[in-house]
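Coordinates in review
Spelled out from the first residue to the last, the chains are:
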Amino acid sequence: MAKTEIKVGFGDQVKAVSVELPKGEAKPWDADAQLEVVGKPIPRRDGALKVSGRAKYTYDVNLPGMLYAAVVRSPLPAAKVVSVDTSAAEKIAGVKAVVQVAEKGDAVLFAGQDVAAVVAERPEQAWQAARAVKVEYEQRRFVTRLAFAATPDAPLVHRGAVEERRTEGHVTEGGGGDAQGNKRPLRPMKKGDVSKGLKGATVHEAVYETQVQTHSALETHGIVARWDDDEHLTVWASTQSIFSVRDELAEVFDLKPTNVRVHTDYLGGGFGAKFGASAPGSRLGTIAARLAKQTGAPVKLMCDRHEEQVCTGNRPDSIQTVKVAGKGTALTAIEVQSIGTAGIGTGAGVGRNAFAVYTKCPNILVDSSDVFTNAGPGTAMRAPGHPQGAFAFELALDELATKLGVDPIELRLANDEHPVRLWQFEEGAKRFDWKAKRAESKRLREGKARIRRGCGVAASIWGDFGRPKAAVVTCSVLRDGSVEIRNGVQDIGTGIPTVLAQIGAEVFTRPLDTIIVRYGDSELGSSVGSGGSQTTSSVTPAVRNACEDAKEKFIEHVAELLGAKPADVSWANDGTLSAGGASITFAQACKKIPGESITATADRPATYGNHPMPFLGAPMPQIAGVQFAEVEVDTWTGVVRAKHVLAMHDCGRVMNRLTCTSQVNGGVILGTSYALMEQRVMDHDVGRMLNPNLESYKICGAADTPEIEVVLTDVYTGANNTGAAGIGEPSTIPTAAALACAVFDALGEPVRRLPMTPSRVLAALGAVPAPKGLG
Amino acid sequence: MNPFTLVRLPTLDAARERVSAEPQRRTFRAGGIDLLDRMKEGLDAPDELIELHAIAGEHGARMRGIAATEDGGWRIGALVTLGQLAGYDDLPPAYGAIKDAAGNAATPSIRNGATVGGNLLQRPRCWYFRHSDLLCLKKGGYECLAVSGDNRFNAILGGGPSFIVHPSSLGSAVVALDAKVTIAGESGLRTIPADQLFAPPTVDPTREHTLAPGEVLVSVDLPPALPGQRSAYHFAKEKQSQDWPLAEASVRCTVEGGVIQDLRVALGHVAPIPWRSKEAEDVLEGAAPSAEVFAKAAQAALSVAEPLEGNAYKVPLAQGVLRYALHFATSTPLPA
Ligand SMILES: Cc1cc2nc3c(=O)[nH]c(=O)nc-3n(C[C@H](O)[C@H](O)[C@H](O)COP(=O)(O)OP(=O)(O)OC[C@H]3O[C@@H](n4cnc5c(N)ncnc54)[C@H](O)[C@@H]3O)c2cc1C
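The model shown is predicted, which means the values in this text are computed figures rather than measured ones. (Residues numbered from 1 in each chain as written. Chains lettered and ligands numbered in written order. Predicted model: local features only at pLDDT ≥ 70, side-chain atom pairs only at ≥ 80, totals over all residues. Heavy atoms only, no water.)

1. Quick look at the overall build of chain A
Formally: Labels follow the DSSP assignment, with helices taken as runs of H or I lasting at least four residues and strands as runs of E lasting at least two, numbered in each case from the N terminus. Only the C-alpha atoms count toward the radius of gyration. The rule for a globule is 2.2 Å times the residue count to the power 0.38. A 1.4 Å probe rolled over the protein chains alone gives each residue an accessible area, and that area as a share of the maximum for its type sets the label: buried under 20%, exposed over 50%, partly exposed in between. Per-residue and other accessible areas follow the Shrake-Rupley method at a 1.4 Å probe size, with only the shown protein chains counted as cover for residues. His is not counted here, nor are the chain ends, while Lys and Arg score as positive and Asp and Glu score as negative. For this purpose, a charge sits on NZ of Lys, CZ of Arg, CG of Asp or CD of Glu.
Each helix and strand in chain A was counted, giving 19 helices and 34 strands. A compact globule built from 775 residues would reach a C-alpha radius of gyration of about 28 Å, and chain A, at 27 Å, matches this within 12%. Judged by the C-alpha coordinates and their principal axes, chain A covers about 85 × 75 × 45 Å. Going through the 775 residues of chain A one by one, you find that 63% of them count as buried. Carbon and sulfur atoms make up 49% of the accessible area of chain A, which amounts to about 27,700 Å² in all. Treating the 87 positive side-chain charges of chain A as one cloud and the 88 negative ones as another, the clouds have centres 3 Å apart.

2. Points about the interface of chain A and chain B
For clarity, the cut-off: Working rule for contacts: check all heavy atoms of both residues, and any pair within 4.5 Å makes them a contact. A quick way to say it: buried area is the sum, across both parts, of accessible area lost when two parts are put together, with a 1.4 Å probe. Any carboxyl oxygen of Asp or Glu within 4 Å of a side-chain nitrogen of Lys or Arg constitutes a salt bridge here. In protein, a polar contact requires one atom able to donate a hydrogen and another able to accept it; more generally it is a pair of N or O atoms within 3.5 Å, and residues adjacent in sequence count only if both atoms are side-chain atoms.
Every contact between the two is made by 36 residues of chain A and, on the other side, 35 residues of chain B. Between chain A and chain B lies a buried interface of about 3,000 Å² when both sides are counted; carbon and sulfur atoms form 57% of it. The interface formed by chain A and chain B contains 4 salt bridges. Of the charged contacts, one joins Asp243(B) and Lys698(A) as a salt bridge, the two residues approaching to 3.1 Å between their closest N and O atoms. Our count for the contact surface shared by chain A and chain B stands at 13 residue pairs in polar contact (both at pLDDT 80 or more).

3. Some details on a negative patch on the surface
Note the cut-off: Residues forming no salt bridge and having over 30% relative accessible area are the ones grouped into patches, like charges within 9 Å of each other and nonpolar side chains (Val, Leu, Ile, Met, Phe, Trp, Tyr) within 5 Å.
A cluster of acidic residues, Asp229(A), Asp230(A), Glu231(A) and Asp254(A), forms a negative patch at the surface. For Glu231(A), the position within the fold is in the loop between strand 13 (222–229) and strand 14 (232–237).

4. A short note on the side chain of Arg130(B)
Residues and elements named next belong to chain B. You can see Arg130 is positioned in helix 8 (residues 127–130). Looking at Arg130, its side chain comes within polar contact range of the side chain of Asp34, at 2.9 Å. Here Arg123 takes part through its backbone oxygen, which lies 2.9 Å from a polar atom of the side chain of Arg130.

5. Structural notes on helix 3 (residues 123–132) of chain A
All of the buried residues in helix 3 of chain A are Pro123(A), Gln125(A), Ala126(A), Ala129(A), Ala130(A) and Ala132(A). Looking at the buried positions of helix 3 of chain A, the neighbouring elements they touch are strand 3 (67–73), strand 4 (79–85), helix 2 (87–90), strand 5 (95–100), strand 7 (114–120) and strand 8 (134–139) of chain A.

6. Comments concerning the nonpolar core
Residues and elements named next belong to chain A. Threshold: The criterion is simple. A nonpolar core is a set of buried Ala, Val, Leu, Ile, Met, Phe, Trp, Tyr and Cys residues joined through side-chain atoms within 4.5 Å.
With 87 residues, the main nonpolar core has Leu331, Ile334, Phe628 and Met756 as its most contacted residues. Look past the residues within four positions of Met756 in its chain and what remains in contact with it is Val640, Ala675, Leu676, Leu739, Ala740, Val743, Val751 and Val761. Ranked by size, the runner-up nonpolar core spans 53 residues in total, among them Val489, Cys547, Trp571 and Ala724.

7. What about the confidence of the model for chain B?
Rules: The quantity called pLDDT is the predictor's confidence in a given residue, expressed from 0 to 100.
The predicted model of chain B averages 97 in pLDDT, with 100% of residues at 70 or higher. This prediction of the complex comes with two scores: 0.97 for pTM and 0.98 for ipTM.

8. Things to note about the side chain of Thr735(A)
If you trace the backbone, Thr735(A) turns up in helix 18 (residues 735–747). The contacts of Thr735(A), once residues within four sequence positions are left out, are Gln627(A), Gly667(A), Val668(A), Gly671(A) and Thr672(A).

9. Quick word on empty space enclosed by the protein
Inclusion rule: The way it works is a 1 Å grid over only the protein atoms, where trapped points that fit a 1.4 Å probe form a cavity and open points with protein on both sides within 12 Å along at least five of seven lines form a pocket, and then any residue with an atom within 4 Å of a point lines it. Grid points are joined across faces, edges and corners, and a volume is the space filled by probe spheres set on the points.
With the rule as written, the count across this model stands at 7 cavities of 30 Å³ or more. Counted as a void, the largest cavity has a volume near 70 Å³. What lines the largest cavity is a set of 13 residues, and nearest its centre among them are Met677(A), Gln679(A), Ser696(A), Arg152(B) and Glu238(B).

10. Side note on the domain arrangement of chain A
Residue and element names in this part refer to chain A. Convention followed: For the purposes of this description, domain bounds are those given by an automatic or database domain assignment.
One can read the domain layout of chain A as domain 1 (1–34 + 418–464 + 607–770), domain 2 (58–142 + 216–311) and domain 3 (466–602). The C-alpha-based centres of domain 1 and domain 2 are spaced at 37 Å. At the junction of the two partners, domain 1 supplies 12 residues and domain 2 supplies 9 residues. When residues of domain 1 are sorted by the area they lose upon contact with domain 2, Arg688, Pro692 and Leu694 head the list and together hold 51% of the total. At the junction of domain 1 and domain 2, the tally comes to 2 residue pairs in polar contact (both at pLDDT 80 or more).

11. Overview of the site of the ligand
Quick note on the threshold: Any residue with a heavy atom lying within 4 Å of a molecule or strand is counted as near it. All amino acids are sorted into three groups, where Ala, Val, Leu, Ile, Met, Phe, Trp, Tyr, Cys and Pro are nonpolar, Asp, Glu, Lys and Arg are charged, and the leftover types, Gly among them, are polar.
Around the ligand lies a shell of 35 residues, among which Phe28(B), Gly31(B), Gly32(B), Thr115(B) and Ser169(B) are the nearest. More than a single chain frames the ligand: its nearby residues are located in chains A and B. In this structure, Leu217(B) approaches the ligand through a main-chain N or O atom, which is 2.9 Å from a nitrogen atom. Here the ligand has 980 Å² of accessible area as a free molecule, and 96% of this is covered by the chains. Put simply, the parts of the chain that give the shell around the ligand at least two residues each are strand 2 (26–29), helix 2 (33–41), helix 7 (116–121) and strand 8 (216–222) of chain B. Among the residues making up the shell around the ligand, the classes are represented as 17 nonpolar, 11 polar and 7 charged. Inspection of the shell around the ligand shows a minimum of three residues originating in each of domain 1 (58–222) and domain 2 (230–331) of chain B.

12. Considering the pattern of salt bridges
Using the criterion set out here, one finds 52 salt bridges over all chains in the structure. Here Glu440(A) makes a salt bridge to Arg443(A), at a shortest N to O gap of 3.0 Å. Taken together, the residues span about one helical turn, with Glu440(A) and Arg443(A) both in helix 13 (residues 434–446) at a distance of 3 residues. By relative accessible area, Glu440(A) is classed as partly exposed at 31%. For Arg443(A), a relative accessible area of 53% puts it in the exposed group. One salt bridge connects Glu281(B) with Arg276(B), and the closest N-O pair in it is separated by 2.7 Å. On the accessibility criterion, Glu281(B) (6% relative accessible area) is buried. Ionic contacts of the salt-bridge type, sharing partners, join the residues Glu695(A), Asp34(B), Asp37(B), Arg38(B), Asp44(B), Arg125(B) and Arg130(B) into one network.

13. Some details on the sheet that holds strand 16 (residues 299–302) of chain A
Residue and element names in this part refer to chain A. Going by this rule: Criterion used throughout: strands pair if DSSP finds at least two bridges between them. Fitted lines through C-alpha atoms give the axes, limited to the stretch in contact for helices. The angle between two N-to-C directions lies from 0 to 180 degrees.
Pairing is mixed in the open sheet, where 7 strands are placed in the order 5-7-3-16-13-14-15. Where the open sheet ends on each side, the last strands, each with one partner, are strand 5 and strand 15 (260–263). Put simply, the sheet's adjacent strands are angled 20° from each other on average, direction ignored. Here 5 bridges tie strand 5 to strand 7, and the two strands are oriented antiparallel to one another. Bridge pairing in strand 7 places Val98 opposite Val118.

So, in structure tokens, the structure goes:
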């Protein structure tokens, strides 16, 4: 097959490479491509609908005759179900059905687990009935504290096999060995020999802790289920993966996948917790469909905020012992030993930061274990493992830098090998005025100022997980002159429909408002789940191929109209099509389309390039990012304010500067919130979450948000035909780490535990003894 | 939440009598922010909410207004919202503490509904109290679950047998400003010093105030300002908006001939009642304002603290907050 030459790289480091493009693949938009619409800061199409309340979310779907369901949940963290008495609940006015989800003898493993469900005409009747279901339990010993759960004295959480939930789009770390008690090792990441690297080096070792964070999407988990007949089910789901909802329901109810239709017109956030028909800790999707079947009426089941907090997933906590060693500016050894709990679930690893960013270090071991506790299951959450790993490792690195007497940036530059990240560190340092700011924080620190300032920096690592063949896109040129793009992808909130329209507008050189995008429906062609930051890079290349194919057919149609050869048709920017002296407008050519439309369907091939650096030896590109943070600390109260974050990110070729910047803003805000306030608080005596709300579970608001400066450093990877890569997850990885490093700079003492609340800051300042561990 | 009836009665007496006849089933609604929170959580299930906003006539006007009184003081009606109070420009700066306390509570939207009376009478935010499945001392249980549980936000002063902190931000301000409150009861209106409105848990751990069931808080009465009176309020929060303070301080004083006089210091969110600090007052009365003496006073104020296992940090934090309030009240420059 013929080779095609493309220009790849970034900044002034661009080079030509020749690639063998898979059959049917459009020539990639490379460094030389001059694009008119793609890349521009175009507002999302549904912005006005969302801010005016006209966008209808799953929560807003109301069908004629619809019933409301509610789930009875265990108030105990560990128990055996002795009996379930539904008789009182059945007598409540409006109640249509009461079903058991747990049977007599079943084990309850966490407070919040499904036990029974009710369905009624009105939501308040359903809640009342749920309270009237009488469940008798035999209490069992339980453990919710991580540090204790890892000891041999702790009660065993799982007596039977552990159910593993896989989240599509994530390269999971996977189980690495057999469980011992509640502790189960994950596969270690290892290179070289750490003990060798420690010899003769300056060593820093300390323990770092992170908290459980909950996804807390604005729209809670929920579904509306309607049986059209015995074989056909239609659901409206608040999901980030339409097709995993479809497949799960098809499997549970033994239906053909094509007989299950899933709609997600708008989604109020997912962050990793909304894959499949249900939630990580509740079978709410299948419960709703089961109740709908039983009652013969559509059923809506939405979680309330309390349920959302306890049974729909979370980011696991961690206790990480980090050892890092260096000579001069060279890192010689890195070792991370970590435990974390994903409750009854799995996946409490700490990501790839310690292993895969400062790759010049020859000796690295990252060894982590899941520890089971009687709490709601953890699940993928925006860059699973990474923010916790980045926090511990980057702060440890700064502590080592202090011991070595080197500047934190110098240490990072000396050990990172990713050319884009090196460039981001250097450019960012200039833009941030790093040296002057660090000098000022030193002055304030040494003068024991009341208000201190501090700066920190941390790195991000992610891969371009764009998936082949997953998205099948149809493009049609319609007789009315519009171009329609169809694909069943959901919009998790990134603005993907707007981006798809931009691709269409670019290929056809047509006005953006003539491009129709249909999405959010499983009938519109298969697509990817929005996880792993892969949606844009999975779907846009398929859209481009479909558009290019439809355009080719359209040109054939025009050539026929003009009595010319397709190759002779020229396409002007205003839509005039001409050949051999004759011409026709785009609109006229459309009107003459035989039948309704000219249509083409296409997908995207596997990733075929990885410039400038692959991701951990895999065939895909590695995505680079660096964030700089500045904090202000009040030493009288211990209050930390995040003042400024400079976020330098690689996102391949940026498709839309506005929606992409918005992703980075969201990542930084989430990271700031994680760094300073978010925290699931458990009472370990009763095994319950004490803050299952959005009041004492604190999420940073406008007044807590730093000034965010986003710099998108375009990189032409040659990985796919649009050049898109991911940004959602990489943009939240380094924020908490950079803020922690900044607090260290401000105080001269590290706060080795997230969130960095006044309590911990005052302890770091020596004003009080360090508070008891999270454990 | 249980179904309920909203009852609108046009007179103060009718409203009062309606509730006192069956206080188990009926309660007043002012802004409804705290009340509905509790009902949604299943902590309270009244059948009838008696709408205080429906009260008309002279009493209604008094409850809704902010007005100068004949003796030279000011009266703030119980139905005045926190937002109205915070934005009320005519209230002299001598009373700045209460305006600042009102203006920094909760969020703008809550402040537009929350009333002065409801704020002072709201129930505690302790997460053991607010969790419907947990039976704590406040709800008739045997023990304060915060003692052995997670008590990071609980009392460091005056705790026992309950260790809640009083939730009202106006609380420390009204105590520092030496305000009184007017209450409508069976035998008409009566006026008591504000600090007698609040009841420590030693009296009855299930209650935080001294109103009898069915009694209505009518107004907060600020005494005439002393010549040269100044006041200040300060707080520290984990989250800058939509969060309760970790500690607050309100200070009233005059500075005459270079020395502090007429000082009243009250701390909020550190004790089950707004906490008057005589210790701080003793250090400062008659002293010349300075960063050093403020630090000493703050230390004295907290020297009587008895923190629980998880809230020792509130001791230095409350000291810091009080130091700020003292600097602001006396216009003493902050140290660098
Ligand atoms: C997120 C959040 C943050 C908050 N932060 C703060 C904060 O920082 N500081 C702070 O102080 N508050 C804070 N609040 C609490 C809020 O200010 C109170 O809930 C509010 O002031 C209550 O006033 P209300 O008028 O709505 O009272 P309601 O809910 O109507 O009443 C409260 C109680 O008082 C009774 N009551 C009300 N008025 C009278 C009266 N005149 N006579 C007799 N009984 C009466 C009612 O029966 C009820 O039991 C916060 C609330 C939220 C949700």
